[in-house]
Amino acid sequence: MTERFDVAVVGGGLAGASAAATAAERGASVLLLEKNPTPGGSTVLSSGLNAYAGTDEQAAAGVTDDVELLRRDLLEVGGHRNDTALVDAYCREQLATYRWLRGHGVVFGAPLAASGQSVPRSHPVDTAAMVEALLRVATSRGAEVRYRWAARRLEVTGDRVSGLRAIDRDGAEHLVRAGAVVLATGGFSRSPALLNRFAPRMAKAVKAGGTGNTGDGLLMACKLGAGLADLPYIKATFGVFPWPSPAEEGHGLLAVYKGAIAVNGHGERFTDESLPYKQIGDACLAQPEGIAFQIFDAPVLATSTPDVPIYNFEPRLRGGLIQRADTLEELADLLGIPGDRLRATVGDYNARIAAGEPDRFGRRTLSGGVGERRPIVTPPFYGYPCTAVMLATYAGVTVDAETRVLDVFGDPIPGLYAAGEVTGGFHGAGYVTGTSLGKSAIFGRIAGITAYQEAA
Ligand SMILES: Cc1cc2nc3c(=O)[nH]c(=O)nc-3n(C[C@H](O)[C@H](O)[C@H](O)COP(=O)(O)OP(=O)(O)OC[C@H]3O[C@@H](n4cnc5c(N)ncnc54)[C@H](O)[C@@H]3O)c2cc1C
């Protein structure tokens, strides 16, 4: 028997849960399909930082922020290659979405400063609790959520998407009719084939993100002529261990932002370490084997804090991921890099600081424009190997501000909507921390509203 719903949502991460909850709140009959046995995708693996401006948490922390500053940051970091209609939609809907999430029990922590933000704007949340809360909203209003159901193809009647074909947990194929289909399938950080096709520079990067993020939605939309945006700007994130244990997967350490330098296997620096971690990631992947070593001394280790995972050095030292030595030569030996080169590199770095000069890569600060460089002089010395990780692709199908999927000529594909990491255009050439979760909730919510209205 063929089933029929007003709205079919594909993917049970933040974008899909937001779309399903919103459409169900409006009274739509909703089906959400998730191909994994549990919901959450990359959302629940993430660091949980959400970029919203003008929040109560910012006010409580004395942070002055507003939507104009947010907009400026998004466009500057995106190299003005962003689709401004999507940036404007994010800015217009961000506070309403933040309040909607809070209204459904999502608890936002105090804002943290992060990459690409003029002011502390990254609000930590428990992402699993957030997705669960939204799915509860959806199911309490009658939505059906099916796990281990994978959408395979979109169904088209005339010129309109009229549903989808999916494989259930037993391998049986089903036709589901729907007034609107929302693709919320996440990115393709787990698809070596698509990465090879669209971002071959990422071949050496560690692959992370939700195991279901293999670009299914992108391919289904492409089959119907969807346009693509932001593919040239796919970047990996610097700082992860090259051979991660499951506990470390996708999570790294950024001692560089506390005063470390990064050297390659020849013991030589290759970048300005105060740059955003995605830019350092590109430079790292261009080094031999795509491997770098972060090198620092005792005062940097002393900044270790359990509150910020990327600066939580102590447990990684105890766990043997970070090496310690009394001299730079001994440290180089432990790391397998030439000791004389490392000593010369550190000596040159320290001399430039003493002379008050930027170094040959232009580094003047610790991170972004903030913090004084520190000479690396106080033993013991520390170091660890690291590389870049493909966490999220931030590029994908073209959509308008109402989340309608646009074809290669910019015309809407009737009946088809997309939200979250499966879409391109919003970030442009660079990613501001917290805006991927922000984008998933904001555009997921818009998709739920538009899909319901147009299906009705
Ligand atoms: C380690 C890590 C840290 C991160 N930290 C941050 C951060 O702090 N802030 C931030 O903004 N972003 C961060 N990101 C990025 C962010 O988490 C993602 O971009 C965002 O969660 C994507 O949400 P989504 O709903 O679009 O996709 P996802 O949450 O990935 O959900 C997509 C879902 O669709 C399912 N699916 C795929 N194909 C099908 C199909 N054919 N049928 C049915 N279901 C399907 C998948 O299994 C998955 O569950 C991080 C990512 C990682 C991996």
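A. Just the site of the ligand, in detail. Around the ligand sit 39 residues, and of these Glu34, Thr43, Glu421, Ser436 and Leu437 come closest. The backbone of Lys35 places a nitrogen or oxygen atom 3.1 Å from a nitrogen atom of the ligand. Protein chains bury 98% of the 1,000 Å² of accessible surface belonging to the ligand in isolation. Elements supplying a minimum of two residues to the shell around the ligand: helix 1 (14-25), strand 2 (30-34), strand 6 (150-157) and helix 13 (435-455). No other element matches the four residues that helix 13 contributes to the shell around the ligand. The class makeup of the residues in the shell around the ligand is 13 nonpolar, 22 polar and four charged.

B. Here's a closer look at the nonpolar core. Counting 91 residues, the largest nonpolar core has Leu164 and Val181 as the members making the most contacts within it. Both domains that meet at this core, namely domain 1 (3-191 + 212-228 + 394-455) and domain 2 (237-390), each give it at least three residues. Beyond its immediate chain neighbours, meaning those up to four positions away, Val181 contacts Ala8, Val10, Leu154, Val161, Gly163, Leu164, Gly415, Leu416 and Tyr417. One finds Ala260, Tyr277, Phe296 and Cys386 within the second-largest nonpolar core, a separate group that totals 28 residues.

C. The pattern of salt bridges, seen in detail. All chains considered together, the criterion is met by 22 salt bridges. Notably, a salt bridge pairs Arg165 with Glu173, separated by 3.3 Å at the nearest N-O pair. For Arg165, a relative accessible area of 27% corresponds to the partly exposed category. When the shortest N-O distance is used, the salt bridge between Arg269 and Asp359 registers 3.0 Å.

D. Representation of the packing of helix 3 (residues 67-77) against helix 4 (residues 84-103) within the structure. One can describe the packing of helix 3 onto helix 4 by two numbers: an axis separation of 10 Å at closest approach and a directional angle of 150°. Regarding the angle of helix 3 to helix 4, the classification is roughly antiparallel. For the pair helix 3 and helix 4, the crossing hand works out as right-handed. Where helix 3 abuts helix 4, its residues Val67, Leu70, Arg71, Leu74 and Leu75 lie against Thr84, Val87, Asp88, Tyr90, Cys91 and Gln94. Tallied by class, the residues present in the contact of helix 3 with helix 4 amount to seven nonpolar, two polar and two charged.

E. View of the domain arrangement of the chain. With domains assigned, the chain is organised as domain 1 (3-191 + 212-228 + 394-455) and domain 2 (237-390). One C-alpha centre belongs to domain 1, the other to domain 2; they are set 35 Å apart. Each partner contributes residues to the interface: domain 1 has nine residues there, and domain 2 has six residues. Carbon and sulfur atoms supply 51% of the area that domain 1 and domain 2 bury against each other, a total of about 540 Å² over both sides. Taken as a group, Ser115, Ser189 and Tyr431 account for 51% of the area that domain 1 buries against domain 2, more than any other trio of residues on that side. The tally of links between domain 1 and domain 2 comes to zero salt bridges. At the junction of domain 1 with domain 2, the criterion picks out one residue pair in polar contact (both at pLDDT 80 or more). For the side of domain 1 that touches domain 2, a count of residues per class yields three nonpolar, five polar and one charged.

F. Geometry of the packing of aromatic side chains. Overall, the coordinates contain 11 aromatic pairs when judged by the stated rule. Considering the side-chain rings of Tyr52 and Tyr98, the 6.0 Å spacing of their centres and the 45° angle between planes classify their relative orientation as tilted. Here Tyr52 is found in the loop between strand 3 (49-51) and helix 2 (56-60), whereas its partner Tyr98 is found in helix 4, with 46 residues between them in sequence. Note on accessibility: Tyr52 and Tyr98 belong to one class, buried. Chaining the aromatic ring pairs together yields one cluster made of Phe241, Phe296, Phe313, Tyr382 and Tyr384. Directly above the aromatic system of Trp149 lies the positively charged group of Arg146, at a separation of 4.7 Å from the ring centroid. Above the ring of Tyr311, the side-chain terminus of Lys258 is found at 4.4 Å from the ring centroid.

G. Geometry of the pairing of strand 8 (residues 173-183). Counting buried positions along strand 8 gives eight out of 11 residues, so the element sits mostly inside the fold. As judged from the seven bridges shared by strand 1 (residues 3-10) and strand 8, these two strands associate in the parallel manner. Looking at strand 8, one finds that Arg4 is bridged to Arg177. The pairing of strand 7 (residues 160-167) with strand 8 spans five bridges and is classified as antiparallel. The residue bridging Arg165 from the neighbouring strand is Leu175, located in strand 8.

Criteria and thresholds
- Residues numbered from 1 in each chain as written.
- Predicted model: local features only at pLDDT ≥ 70, side-chain atom pairs only at ≥ 80, totals over all residues.
- Heavy atoms only, no water.
- Near = heavy atom within 4 Å.
- Polar contact = N/O pair within 3.5 Å; in protein donor to acceptor, adjacent residues only side chain to side chain.
- Areas by Shrake-Rupley, 256 points an atom, 1.4 Å probe, with all protein chains shown as cover.
- Helix = DSSP H or I, 4+ residues; strand = E, 2+ residues; numbered from the N terminus.
- Nonpolar A, V, L, I, M, F, W, Y, C, P; charged D, E, K, R; others polar.
- Core = buried A, V, L, I, M, F, W, Y, C linked by side-chain atoms within 4.5 Å.
- Buried < 20%, exposed > 50% of the residue type's maximum accessible area, 1.4 Å probe, protein only.
- Domains from an automatic or database assignment.
- Contact = heavy atoms within 4.5 Å.
- Salt bridge = Lys/Arg side-chain N within 4 Å of Asp/Glu carboxyl O.
- Axes fitted to C-alpha atoms, helices over the stretch in contact; angles between N-to-C directions.
- Parallel < 35°, antiparallel > 145°, perpendicular 65-115°, else oblique.
- Left-handed = near helix turned anticlockwise from the far one by under 90°.
- Buried area = accessible area lost by both parts, 1.4 Å probe.
- Phe/Tyr/Trp six-rings, centres within 6.5 Å; stacked < 30°, edge-to-face > 60°.
- Lys NZ or Arg CZ within 6 Å of the ring centre and 35° of its normal.
- Pairing = 2+ DSSP bridges.

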